[in-house]
Amino acid sequence: MKMSSMVIAVAIAIMAVSLWALANRPDEEPPWPDRIQGFSFSPFQSGQDPLARIYPSESQIDGDLALLQGKTHAIRTYSVEDVLVKIPELARKHDINVAFGVWIDADVERNQADMQRFLETTVKSTNIVRAVVGNEVLLRGDLPMEQLVDYLDQARQELEIPVSTAEPWHVWVKHHELAEHVDFLAVHMLPYWEGVHIDVAVDYVVDKINLLKTLFPDKPIVIAEVGWPSNGRTRQAAVASPANQAIFLRRFLERAEQENYIYYLMEAFDQPWKRDSEGAVGAYWGVYNLARQEKFSFTQPIVPIANWYMLAGVSVLIAIITFAILLIDSQTLGNRGRGFLAVLVFSAASGAVWVVYDYIHQYLTVGTVIVGLVMIGGMIGVIVVLLTEAHEWAEARWIIRLRRPFNPIVVDDDQLPLVSIHLPAYNEPPAMVMDTLDALAALDYPRFEVLVVDNNTQDPNVWAPVEARCKNLGSRFRFFHVAPLAGFKAGALNFALAHTDPAAQIIAVIDSDYRVDPRWLRELVPQFTDPQMGIVQAPQDYRDGDENAFKAMCYVEYRGFFFIGMVTRNERNAIIQHGTMTLVRRSVLESIDGWSEWSITEDAELGLRVFEKGYEAAYISRSYGRGLMPDTFLDYKKQRFRWAYGAMQILRRHLPFLTGRKESRLRNGQRYHFFAGWLPWLADGVNLFFNLAALMWSLAMIIDPLHVDPPLVVFSILPLSLFAFKISKLFYLYRTRVDATLSQTLAASAAGLALSHTIAKAVISGLITRDKPFFRTPKMAGASALVQALASSLEEILLFGAMLSAAAAIGLMQKMDTLDMNLWVIVLVVQSLPYAATLFVALVSGFPRLSSRIVLWRSRQAHL
């Protein structure tokens, strides 16, 4: 690592550690009193669940009470089922009073049996100081108030101690008449559920208690539950965390002493079983965790993450290693680029470490472990994609010099080799092909031949005029009509290679729609004076970008790859060879057995094989020929499907060479660029599964909102972060490297997004199937009608509608009071954008007379 990189890494590391320290600065809060008034008490331990009728033993309950002895005056219970009815008796041995509770719900028969046990136990127990009949019965809507009142009246008649039922403060306000049937108000004050910020939470409790005192001046008030969770979903301004739990409880206890409140903290011990009824947050209300350990300091300053320095150290170590890997073979990257990467790497490392730390400190089940592994795998995948995108961004914008610039070479005519130009054609419009031949005839190059191979075209009216034009152009133009001929385009090229003049040293390939610049061969062929040069590639370019708005969008989208991606790849001799405007040394081509007929992207596959043999490739970002773009959106999608499917074919076939399991002369930089180049397409494939899973999850949320929560925040942040980063990169590089206007950049973004679903299907298909039929990209086929354009995009339109419908349904049916709920709706909307782009581009392509001026392409050379 260069000295400047080390300085940057150290500076960013210091900043990262400083941010960790800032986020975890100690917060002085009132100390915990020696003995509090009361705890809500549920004694269930790991693997126990009253809903499954799995209860703790008497000895376990006794151990919990022994832990609380001397720390609390009382406890509050909720049920008399099974061993829970013995809690008062066990508590008496530890000098703990009891607010004894009985559970009341819609099961009337069970209610009657439990009431009988409750009353009998209460009468004979000397340490039961209050009776609580029912817990949030009206809030849940289990019983009408008239039935609840019957239970209350029965208890008040048979007991000599104060009787009440427990409800949140607002239920008491709403059901004012309920107070007539109780001796005191048992009030739940849980500001977290109401989305109150931690800084005003205690004041909020005091305010509501004062309201109840005003409304019920003759009734004593007991705060039957008051607390804050240490983990869970963010509700509006309320953030669940260990630090916030400690802050709220310590502040409340000080205020409660000042206000002379009677209270029961919610609760003594974490209860993971409550996740099924209250959501994930239900498990984390305890002052002690499931292992009966204090979750925070009772007297020391509160630090959000007590061992934050260890996490900071781990994140810095991961970041430095990752940063060093990114800078391998990056000697031409300037300090701005290095700083850019350092900031991203340290941010990603810190975020990842925090996510893992937070997750492993939850109560994990088999299900949550599986979800966690998926989440961590997805997070790593997103970070890898993000960093590879960032690496290309940095190298496209902030290099100090090109390490492999294209240096023109002048060679005397008598030293220039014979070039054999191969032009494959299948069922192409004869006028278009003849236009291409005329441009080739005008080449300013002394020695070349042109071989036109028309394979499998059945109609003589299509190929015969081309044959005639070749005869008119002279002996250097040779025409072959071959039918049948296997191998599609690769088969035609191999046929041409077999019929090439023995003296030809260079093979040139162009598509049948290209008009070449007369200087093409003269300026590029001299690069082969380097004996290691295997390929010389010029960019694909197009001449019909001003034909209509659709083609103008396609044009600007194409340019991004040829003026950004190919330039950065060329720096490590790792370009993607294309089947037009390409030159190949004949001896190299023949040594590797020609074009691969198994691949539908035979050009890119050939380029990789050339690299595997150790040869060089040169790329010049200047245009030397212009062809025609697909006429319809369907053809545009078919072309990209072929490219992505072919990439997966190549990945599968060449994986042993790319990973080093089979010997080759590939360099690590070349391996990196091939994997990094395919990674965004692989991500599109994964994203399709994510979208389908998101729709199923959203449907479950709509059908069963009480039991299905939105996904964890990290599941929302990951796709949102990646989407935002990729869009930012596209806008920045298109404006600075492709010299695009804002409207052109928006057009490129829409056109690129519109292909996401097509690429995803191609990637998945390419990974699980071996062969797809080759299909050419039709040219001059006539623009499609609107109905045809929309029909070709039916899948995307349906997914767009499903995503938006799910987002709207969740937004309308559920309270948007949690961060994860809001983020999930945003995720659904953002994930629908590629499908929306498909619909938009389909509509644009459906109006072939729509002027290209709406895109306003400026024909200016891209920055080099």
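Quantities reported herein were computed from a predicted structural model and do not represent experimental measurements.

> Is there a simple way to think about unusual backbone geometry in this case?
Leave glycine aside and you will find that most residues have negative phi; peptide bonds, for their part, are mostly trans. Here M266 and E267 are connected by a cis peptide whose omega angle stands at 0°. Relative to the helices and strands, E267 resides in the loop between β8 (262-265) and α10 (275-278). Of the consecutive residues A483 and P484, the connecting peptide bond is found in the cis state with omega at 0°. Summarising the element assignment, P484 is placed in the loop between β11 (477-482) and α16 (488-498). Positive phi, normally seen in glycine, also occurs at R53, with a value near 60°. When its relative accessible area of 54% is taken as the criterion, R53 is described as exposed. One non-glycine residue, F488, lies in positive phi territory at about 55°. Inspection of the secondary structure assignment puts F488 in helix α16. Since its relative accessible area comes to 43%, F488 is described here as partly exposed.

> I'm lost on the sheet that holds strand β16 (residues 616-619) in this one. Help?
Within a sheet, each strand pairs with its neighbour through backbone hydrogen bonds, oriented either parallel or antiparallel. Spatially, the seven strands line up as an open sheet ordered β11-β10-β9-β12-β15-β14-β16, and their pairing is mixed. Two strands bound the open sheet, and with one partner strand each, they are β11 and β16. Between one strand axis and the next, the sheet turns by 20° as a mean value, whatever way the strands run. Here strand β14 (residues 533-537) pairs with strand β15 (residues 582-585) via three bridges, running antiparallel. Residue pairing in the sheet places I535 in a bridge with V584 of β15. Helix α14 (residues 430-441) rests against β9 (419-425), β10 (448-455) and β11 of the sheet, and its axis sits at about 175° to β9. Each of β14 and β16 touches helix α18 (residues 549-570); the most contacted strand, β16, lies at about 150° to it.

> Even after reading the chapter, I still don't get empty space enclosed by the protein, so can you show me in this structure?
The gaps of empty space that remain are located by a probe, the size of a water molecule, rolled over the atoms. One pass over the structure, following the stated rule, counts two cavities of 30 Å³ or more. There is about 60 Å³ of room inside the largest cavity. Elements with a minimum of two residues in the lining of the largest cavity: α22 (668-703), α25 (756-768) and α28 (819-845). Broken down by element, the lining of the largest cavity gets its largest block of residues, four residues, from α22.

> What should I look at first to understand the packing of α22 against α28 in this one?
For any two helices packed against each other, one specifies the inter-axial angle together with the distance between the axes. Relative orientation of the contacting elements α22 and α28 amounts to 135°, with a least axis distance of 11 Å. The angle between the axes of α22 and α28 places the two elements in the oblique class. Once α22 is placed against α28, the crossing between them reads as left-handed. Judged by residue contacts, N687, L688, F690, N691, A694, S698 and M701 of α22 engage M821, W824, V827, L828, Q831 and Y835 from α28. In terms of residue class, the contact of α22 with α28 is made up of nine nonpolar, four polar and no charged.

Cut-offs and rules
Residues numbered from 1 in each chain as written. Predicted model: local features only at pLDDT ≥ 70, side-chain atom pairs only at ≥ 80, totals over all residues. Heavy atoms only, no water. Helix = DSSP H or I, 4+ residues; strand = E, 2+ residues; numbered from the N terminus. Buried < 20%, exposed > 50% of the residue type's maximum accessible area, 1.4 Å probe, protein only. Pairing = 2+ DSSP bridges. Axes fitted to C-alpha atoms, helices over the stretch in contact; angles between N-to-C directions. Contact = heavy atoms within 4.5 Å. 1 Å grid on protein atoms, 1.4 Å probe; cavity = no way out; pocket = protein on both sides within 12 Å on 5 of 7 lines; lining within 4 Å. Points joined across faces, edges and corners; volume = space filled by probe spheres on them. Parallel < 35°, antiparallel > 145°, perpendicular 65-115°, else oblique. Left-handed = near helix turned anticlockwise from the far one by under 90°. Nonpolar A, V, L, I, M, F, W, Y, C, P; charged D, E, K, R; others polar.

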